[in-house]
Structure formats: structure tokens, C-alpha cells
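A look at the structure
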Amino acid sequence: MREVLLFSLGCLLFLAAVSDVFAQQDTAGMHALLTERSTEKCNEYVFNALLLIPDMYKRGRVDSVLQLIRFIESECDYRTFASLKTLISIQQGHFGGTLCDTPTVCAVVGDSPGYGCYGYFDSRDWYGSMYQGPPSQRYADFEDSLAGVLVHETDSTTVAHYWLRHFTGDDSFLLRHLKARDCPEQCLQDAYDALVARLLSQRYEARINLGVLTGVWLPQSEADVLGPKLEFGGQLGIYPGRFGLDATLLFRVLNAREDFVIVSDPGPDSGKSFFGGYVGLDGTYEVYRHDRHTFGLRGGTGYGWLGHVQNGDHSSRPNSNTFDFNLGCSYRLAYNKTRTRYVGLIFRYSVLNHATRGGSDLSGNAISLCLTYGWLSDLWPTRQLERLGYFD
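As the structure is a prediction and not an experimental result, all values here were calculated from the model.

Now for the overall build of the protein. Secondary structure assignment for the protein yields 12 helices and 10 strands. The buried share among the 392 residues of the protein stands at 45%. Across the protein, the fraction of contacts at a sequence separation of at least 24, relative to all contacts at a separation of at least 6, is 64%. Put simply, the protein shows about 19800 Å² of open surface, and 59% of that area lies on carbon and sulfur atoms.

To continue, consider the packing of helix 5 (residues 82-91) against helix 9 (residues 159-167). Following both chains from N to C, one finds helix 5 and helix 9 inclined at 140°, their axes separated by 11 Å at the closest point. What the angle tells us is that helix 5 and helix 9 run oblique. Helix 5 and helix 9 meet at a crossing whose hand is left-handed. In contact with Ser83, Thr86, Leu87 and Ile90 of helix 5, helix 9 contributes Ala160, Trp163, Leu164 and Phe167. Broken down by class, the residue content of the contact of helix 5 with helix 9 amounts to six nonpolar, two polar and no charged.

With that settled, the discussion passes to the sheet that holds strand 6 (residues 275-290). Strand order around the closed barrel formed by eight strands is 1-2-3-6-7-8-9-10, with antiparallel pairing between neighbours. Recorded for the sheet is a direction-independent mean angle of 25° between the axes of neighbouring strands. In the sheet, strand 1 (residues 207-219) pairs with strand 2 (residues 229-239) via 11 bridges, with the strands oriented antiparallel. Bridge assignment links leucine 210 to a residue of strand 2, and that residue is leucine 236.

Using the criterion set out here, one finds 16 aromatic pairs in the structure. For the pair phenylalanine 243 and tyrosine 285, a centre-to-centre distance of 4.9 Å together with 55° between the ring planes defines the contact as tilted. You can see phenylalanine 243 sitting in strand 3 (residues 243-253) and its partner tyrosine 285 sitting in strand 6, a full 42 residues away along the chain. Overall, the relative accessible area of 34% leaves tyrosine 285 in the partly exposed class. Considering the side-chain rings of tyrosine 303 and tryptophan 305, the 5.8 Å spacing of their centres and the 25° angle between planes classify their relative orientation as stacked. Among the aromatic residues, ring-to-ring pairing joins Phe232, Phe251, Phe275, Tyr303 and Trp305 into one connected group. Across the ring face of tyrosine 204, the terminal group of arginine 289 is positioned such that the distance to the ring centre comes to 3.8 Å.

Our next topic: the state of the cysteines. In total, this model carries two disulfides according to the counting rule given. Covalently, cysteine 42 is tied to cysteine 76 through a disulfide, its sulfur atoms 2.1 Å apart. Residues cysteine 42 and cysteine 76 are joined through a disulfide that is left-handed, its torsion about the S-S bond being -95°. Of this pair, cysteine 42 sits in helix 3 (residues 42-58) while cysteine 76 sits in helix 4 (residues 62-76), and the two are 34 residues apart along the sequence. Here cysteine 100 is linked by a disulfide to cysteine 187, with a sulfur-sulfur distance of 1.2 Å. Of this pair, cysteine 100 sits in the loop between helix 5 and helix 6 (102-108) while cysteine 187 is found in helix 11 (residues 186-202), placing the two residues 87 residues apart along the sequence. Overall, cysteine 100 belongs to the buried group, its relative accessible area being 18%.

Calculation rules
- Residues numbered from 1 in each chain as written.
- Predicted model: local features only at pLDDT ≥ 70, side-chain atom pairs only at ≥ 80, totals over all residues.
- Heavy atoms only, no water.
- Helix = DSSP H or I, 4+ residues; strand = E, 2+ residues; numbered from the N terminus.
- Buried < 20%, exposed > 50% of the residue type's maximum accessible area, 1.4 Å probe, protein only.
- Contact = heavy atoms within 4.5 Å.
- Areas by Shrake-Rupley, 256 points an atom, 1.4 Å probe, with all protein chains shown as cover.
- Axes fitted to C-alpha atoms, helices over the stretch in contact; angles between N-to-C directions.
- Parallel < 35°, antiparallel > 145°, perpendicular 65-115°, else oblique.
- Left-handed = near helix turned anticlockwise from the far one by under 90°.
- Nonpolar A, V, L, I, M, F, W, Y, C, P; charged D, E, K, R; others polar.
- Pairing = 2+ DSSP bridges.
- Phe/Tyr/Trp six-rings, centres within 6.5 Å; stacked < 30°, edge-to-face > 60°.
- Lys NZ or Arg CZ within 6 Å of the ring centre and 35° of its normal.
- Disulfide = S-S within 2.5 Å.

Structural data, given as C-alpha cells:
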């Protein structure tokens with residue numbers, strides 16, 4: 001079989017050389033050129049054409065190339081060489097193509113409303129993938145070279161130039177101009193705008209929050225004997241729309257201002273050593289949200305504890321606990337281009353009642369002020385907007 005194929009290719013090359021004496025080839029001549037010592041199968045036509053076209057074009061026989069393509073399309077109803085036809089029309093100055101076909105919109109913009117791009121498969125290079133040998137690669141290099149030349153020869157404000165940019169893989173050029181709203185193809189611009197609008201509306205439908213906090217915890221009233229405490233921890237939550245719900249874990253350290261006593265099993269603990277914390281659920285409602293700035297009202301409930309750090313093994317033993325109900329507010333400043341990373345402040349006023357079982361009176365509420373740093377983003381729309389160059 002291999003010997004037959006090599007013999008067939010040799011004959012075709014010989015026929016191509018002989019055909020130079022003719023200015024044009026009629027349909028019958030094309031039929032003979034493509035089917036000599038071959039079969040009538042359409043894939044043979046395409047394979048042979050992939051081999052012949054680059055040399056025919058380089059010898060200036062553009063009309064013959066077009067006639068050959070017309071023959072294949074009439075015999076097989078294949079559009080394998082549609083891109084070459086477009087390249088030739090651009091070179092000859094009568095490009096009549098569009099960027100509004102489904103393949104282009106789906107490749108450049110994505111699943112824009114009305115184009116049905118979901119599950120779209122681009123089969124234009126089916127023969128290129130079927131024939132991985134030298135003919136298909138040589139033909140692909142020929143098309144790429146021709147397109148590269150034409151990119152520099154066409155007016156950069158024309159649809160033809162945009163088509164060439166897309167064909168050569170420079171979709172970033174199209175996306176920059178689509179964002180700037182100066183694309184000459186209005187239907188592609190409309191598809192881009194519609195998709196961006198949809199993605200922007202989806203950004204706040206479901207977001208994930210992951211943050212770290214550090215600040216100061218200030219007990220009030222009788223609990224002031226504990227003194228200010230360093231507070232640090234983290235949050236993990238989900239934000240549907242303007243509402244958010246975070247699971248919060250905080251730890252509090254630093255020695256107390258005065259000795260305090262907590263009665264626990266097997267006996268009372270006394271000293272200035274301190275370890276405490278909070279674990280709970282905190283809700284947020286984003287009252288104001290504009291560009292990089294977000295202001296929200298907060299409320300939470302959970303479990304708070306405190307106790308002495310044991311001197312022996314430096315382990316902690318939380319031996320006084322309380323129900324922690326807190327209210328407050330928060331501010332976030334998104335600082336990266338996608339508005340997904342933030343720094344901010346959280347203020348909380350906590351209603352507490354630490355029981356010491358007959359030890360020191362630690363009654364009193366507390367104020368907390370934390371710096372926060374984190375990531376708050378959806379899982380899909382932001383990545384798509386970034387792909388579309390929306391944030392550039």
C-alpha cells in the first residue's frame with residue numbers, strides 16, 4: 001500500500017510540473033489531475049489538493065487554485081479550503097466575509113446568548129488532523145504564511161483585518177477592540193457586550209470568601225481586668241447576592257492586666273496567663289457596593305471561651321465559656337484588577353457573660369476591631385471576564 005501511495009504522489013508531482021504549460025485547467029483537467037492512479041474518494045481529492053495547492057499558488061496560478069477548489073466543493077460538498085478562498089479574496093481586494101458566523105463568535109467571544117456555542121465543535125481542521133503527514137503540515141504553513149503577509153497589508157480598521165487577526169490566532173487584538181467598543185463588525189460587538197453583561201450580572205450570584213483576620217479584642221466593664229488581647233484567625237463563607245454567611249474561628253492571646261481566677265475541675269486556676277477565642281457563624285449584608293468599595297452590616301452568634309495557659313506543658317485549657325452574640329459593620333477595598341482580593345476592616349460589639357464558677361468577676365461585653373485580608377470571588381464568571389480582556 002505504501003509503494004502504491006508513493007507511486008501515486010510521484011505521478012501527481014509529474015502531472016503538476018507538466019501542467020505549467022497550460023494557463024488554466026478546465027473541470028475535466030482538474031478531475032484528471034486529482035484522480036490519476038487514485039480513487040474517486042473525496043478524501044483522496046483533498047489529500048492531493050493539500051499537496052498541490054502551495055506550489056500552484058507560488059507559481060502565480062491563483063485562478064487554477066480557485067478552479068480546483070470549486071471542483072472539490074462541487075464533487076464532494078466539502079469546505080476544507082474555505083479559509084484559503086477567504087485569504088485570496090482579501091488579497092484581491094473583494095473580501096465579503098463576516099465575523100458573525102457561529103465558529104468565529106464561539107471561538108473569540110465564547111457562549112454568547114443566541115449563538116448556541118455550548119458543546120460546539122469546530123471541524124474545519126478535520127482533514128488536517130486526519131492527515132498528519134507532510135502534505136497537511138506544508139499546506140498549513142502555506143496558509144499561515146499567506147495570512148501573515150496579508151495582516152500587514154490590510155487596513156487595521158477593516159473587517160478583513162479583524163478576520164486575519166482571528167485566523168492567525170491573535171484574538172487578543174479583537175478582544176482589546178471589543179472592550180474599547182470600536183470593533184468594525186457590529187454583530188460581534190453585540191455578542192461580546194451581551195456576554196459581558198450576563199457575566200457581570202452573575203458575578204454576585206454565588207461567591208466564595210476566604211479571609212484571614214488580625215486585630216485587637218477589648219473586654220469591657222468588670223472583664224477589663226483581662227486587658228486588651230491580640231486577636232487572629234480566619235473565615236470561610238459563601239455570599240449569594242448581597243448576603244454572606246461566614247464560619248469564623250478566632251484566637252486571643254496576651255497576658256491579662258491583672259491576676260484573675262477561674263474555678264474549674266480539679267480546682268481554681270489563678271494568674272495572668274490567658275488563652276481564648278471564638279467560633280461561630282457571622283452574617284453580612286452588603287449595604288453599599290460600588291467599583292472597589294463595599295460596606296456591610298454584620299451580625300453573628302457563636303461560642304466564646306477563655307482560660308489560663310498551663311505553665312507545665314504550655315497547653316491551653318479553655319475553662320470558661322459563654323454565648324457570644326455580636327453586631328457590627330465591615331468595609332472591604334478590592335485592590336486587584338479582577339476585584340477578587342481585598343483588604344478591609346471589621347468592627348464587632350459582642351454581648352458576653354463569662355462564667356467563672358465563683359472565681360473573678362469577668363462580666364462585661366467586648367469590642368473587636370480587625371484588619372482583614374482575603375479572596376472573595378465567584379467560581380466561573382470572573383475567569384470568563386478575564387479571558388475576554390474585560391479587566392485589562
